[in-house]
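Survey of secondary and tertiary structure
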Amino acid sequence: MTESIAPPTAKTETRTTRDLAKVAVSGWLGTAMEFMDFQLYSLAAAIVFNKIFFPDVSPVIGLIAAMATYGVGYVARLVGAVYFGRMGDRIGRKKVLFITIALMGASTTLIGVLPTYAMVGIWAPILLVALRLIQGFGAGAEIAGATVMLAEYAPARRRGLISSLVCLGTNSGTLAASALWAILVAVLSEDQLLTWGWRLPFLASFLLMIFAVWIRRSLKESPVFEQREDVVDGVALAKRDLVAEPGTAANEADQPKHKTQSTSTIEAALHQRKGKSFLIALGLRFGQAGNSGLIQTFLIGYLATVLLMNKSVGTTAIMIGSIIGFATVPLIGILGDRFGRRPLYIVLSAATAVFAIPMMLMVTSGNPTLVTIAIVAGLNLGVLSLFSMESVTMAEFFGARTRFTQLALAKEIGGILATAIGPLLAATLTAVTGHWWPLAAMLIGYSLITLVSAVVGPEVRGRDMVRLEDAA
């Protein structure tokens, strides 16, 4: 099938549905790998890393230390978001996505061959942190780049559905990591798991990296990037090169009409006050990122370490929730295309806040069935549904000139403030209070931030992605 996806212009080669399919598979694989890598680590941190890398402390302190190491990767992600985001806005999306996936894959594989604390002492956690930094540096722009690429390829009327495929990639990675850990926990003894079993999931990620790198070699650049008025010969001009020389504006009437329109478009983007769209997007990110850190990371360790439940209960619940998410994610994408981004954000964030206390009552009941239902519902309502909306809404919020950078920064700053710090804060508060209420309060707080952001933000469904200025 050779249906045109992007209308050809003087600057853009026609894109076909086959090109869109390649971008979709590439984005799915890359984000699957990113979330598989981070979910592998988060589950390992919750289940075994406190014993392998931090064995000389109490179980609670060991869990806090493991979660802190988990959070280190998010600091590196912020650096990667700035570095690769600016590169992606300047030289194109395709080249950056090739580099980021290679960095992620190599560092994750090497975690699987690390020596333990029993082998090399303090060097074990030091090496673990170093690889987490490299992994995070590459991952900082991976999902942002995949989100931008797919949203810029997708037709406006189906942008929510197609962009949600990025979220399906994250869901696939979460499912694969959870399934691997569920199998390992069920099949291996604790001694086997601590001795060599924990290495297997990290080593397996190498195969996914090879396939994803092979796919990305054949991608075409984003049609939106090529249509940008500020891009010349495949490179975006710096701001100083775009500022008109003195006297140019006076001769604007003598210029060709398309040149005048181009100049006005660029000037509008250059002189727009930045910040409002970014702050709204950051607020939208809080609910999804914060809920993800608490539900997919902290609760797994909380069940095993504090509630003393079987380790397989949490991993199985995440696996079931991820499977159901394959229906939830595209459904939310379709609803967003039909009813708009803003109404769905309001409904989903409000529902998550209301569900927080009932969810924690079910989790702390000690009943495996109720625990599973609570985690599955919380994952789909407060994490995957919001992620499906985020995959398209944040891309539509930003202008094409700085879309990659701003989207990556919004995701990663939100990740640091909510996902990275959240599990560490939750571990500390539950240790101090000996109660579950801080978890419910954090879930409600994250969701309310997203609710307020949706209320004050503009509706961006169907926005022209080639526009250089932000939506707000």
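Rules used in this analysis
Residues numbered from 1 in each chain as written. Predicted model: local features only at pLDDT ≥ 70, side-chain atom pairs only at ≥ 80, totals over all residues. Heavy atoms only, no water. Helix = DSSP H or I, 4+ residues; strand = E, 2+ residues; numbered from the N terminus. Expected span 1.5 Å × (residues − 1). Bend = angle between axes of the 7 residues up to and from the residue. Polar contact = N/O pair within 3.5 Å; in protein donor to acceptor, adjacent residues only side chain to side chain. Salt bridge = Lys/Arg side-chain N within 4 Å of Asp/Glu carboxyl O. Buried < 20%, exposed > 50% of the residue type's maximum accessible area, 1.4 Å probe, protein only. Axes fitted to C-alpha atoms, helices over the stretch in contact; angles between N-to-C directions. Left-handed = near helix turned anticlockwise from the far one by under 90°. Contact = heavy atoms within 4.5 Å. Nonpolar A, V, L, I, M, F, W, Y, C, P; charged D, E, K, R; others polar. Core = buried A, V, L, I, M, F, W, Y, C linked by side-chain atoms within 4.5 Å. Domains from an automatic or database assignment. Parallel < 35°, antiparallel > 145°, perpendicular 65-115°, else oblique. pLDDT = per-residue confidence, 0-100. Phe/Tyr/Trp six-rings, centres within 6.5 Å; stacked < 30°, edge-to-face > 60°.

**Focus on helix 17 (residues 368-397)**
Compared with the 44 Å implied by 1.5 Å per residue over 30 residues, the 41 Å span of helix 17 between its first and last C-alpha is a close match. A bend of about 35 degrees at asparagine 380 is the largest found in helix 17. If you check the start of helix 17, you find a side-chain oxygen 2.9 Å away from the backbone N of threonine 369, and it comes from asparagine 367.

**A look at the pattern of salt bridges**
Under the counting rule described, the total for this entry stands at 14 salt bridges. Between glutamate 412 and arginine 77 there is a salt bridge; the shortest N-O distance is 2.6 Å. Of this pair, glutamate 412 sits in helix 18 (residues 403-433) while arginine 77 sits in helix 3 (residues 59-91), and the two are 335 residues apart along the sequence. Just as glutamate 412 is buried, arginine 77 falls in that class too. Where arginine 216 meets glutamate 142, a salt bridge forms, and the shortest distance between an N and an O atom there is 2.6 Å. Linking arginine 216 in helix 10 (residues 199-216) with glutamate 142 in helix 7 (residues 142-153), this pair joins segments that are 74 residues apart in sequence. By relative accessible area, glutamate 142 is classed as buried at 0%.

**Regarding the packing of helix 4 (residues 93-111) against helix 7**
Any two packed helices are characterised by the angle at which their axes cross and by the distance between the axes. Two elements in contact, helix 4 and helix 7, have axes separated by 9 Å at closest approach and are oriented at 145 degrees. Along this stretch, helix 4 crosses helix 7, giving a crossing that reads as left-handed. On helix 7, the residues touching Arg93, Lys94, Leu97, Thr100, Ile101 and Met104 of helix 4 are Glu142, Gly145, Ala146, Val148, Met149 and Glu152. When the residues that make up the contact of helix 4 with helix 7 are grouped by side-chain class, the tally is six nonpolar, two polar and four charged.

**Side note on the nonpolar core**
Residues Val48, Phe49 and Trp181 are the most contacted members of the largest nonpolar core, which totals 108 residues. It is helix 14 (residues 276-305) that contributes the most residues to this core, 14 residues altogether. Taken domain by domain, this core gets at least three of its residues from each of domain 1 (17-225) and domain 2 (274-456). In terms of nonpolar packing, the next biggest core, distinct from the first, is built from 12 residues, Leu29, Met33, Ala212 and Ile416 among them.

**Some thoughts on the environment of tyrosine 74**
Looking at where tyrosine 74 falls in the secondary structure, it is placed in helix 3. A C-alpha to C-alpha distance of 9.2 Å links tyrosine 74 and isoleucine 421, two positions 347 residues apart in sequence.

**Re helix 14**
Helix length check: helix 14 (30 residues) gives 42 Å between terminal C-alpha atoms against 44 Å at 1.5 Å per residue, within 8%. The axis of helix 14 is deflected most strongly, by about 45 degrees, at phenylalanine 298. Burial of helix 14 is extensive: 27 of the 30 residues sit out of reach of the surface.

**So, the packing of helix 16 (residues 341-363) against helix 17**
Following both chains from N to C, one finds helix 16 and helix 17 inclined at 160 degrees, their axes separated by 9 Å at the closest point. Between helix 16 and helix 17, the angle falls in the class roughly antiparallel. The two elements helix 16 and helix 17 cross, and the hand of that crossing is left-handed. Looking at the contact of helix 16 with helix 17 residue by residue, the class counts come to 17 nonpolar, six polar and three charged.

**Quick word on the confidence of the model for the protein chain**
The predicted structure's coordinates, where accompanied by low pLDDT, should not be read in detail. Looking at the protein chain as a whole, the pLDDT averages 83, with 87% of positions reaching at least 70. Ranking the elements of the protein chain by mean pLDDT puts strand 1 (residues 4-6) last, at 47, and helix 16 first, at 95. With pLDDT under 50 throughout, residues 245-261 is counted as low confidence; its partners more than four residues away or in other chains account for five contacts.

**With respect to the side chain of serine 349**
Of note, serine 349 is situated in helix 16. Taking relative accessible area as the criterion, serine 349 reaches 1% and is therefore assigned buried. Here tyrosine 345 takes part through its backbone oxygen, which lies 2.7 Å from a polar atom of the side chain of serine 349. If sequence neighbours within four positions are ignored, serine 349 has contacts with Leu386, Ser447, Thr450 and Leu451.

**Focus: the packing of aromatic side chains**
In this structure the tally under the stated criterion is seven aromatic pairs. Judged by centre distance (5.0 Å) and plane angle (50 degrees), the ring pair of phenylalanine 84 and phenylalanine 137 falls under tilted. Here phenylalanine 84, found in helix 3, pairs with phenylalanine 137, found in helix 6 (residues 123-139); they are 53 residues apart in sequence, far enough to count as distant. Residue classification places phenylalanine 84 among the buried residues on the basis of a relative accessible area of 2%. Centroid distance tryptophan 198 to phenylalanine 202: 6.3 Å. Interplanar angle 70 degrees. Geometry classified as edge-to-face. Neither residue differs from the other here; tryptophan 198 and phenylalanine 202 are each classed as buried. The rings of Tyr83, Phe84 and Phe137 are connected pair by pair, giving a single aromatic cluster.

**Overview of the environment of leucine 451**
Inspection of the secondary structure puts leucine 451 in helix 19 (residues 437-456). Considering only alpha carbons, one finds leucine 451 and alanine 350, 101 residues apart in sequence, at a separation of 6.5 Å. If near-sequence neighbours (up to four positions away) are discounted, leucine 451 is found in contact with Ile346 and Ser349.

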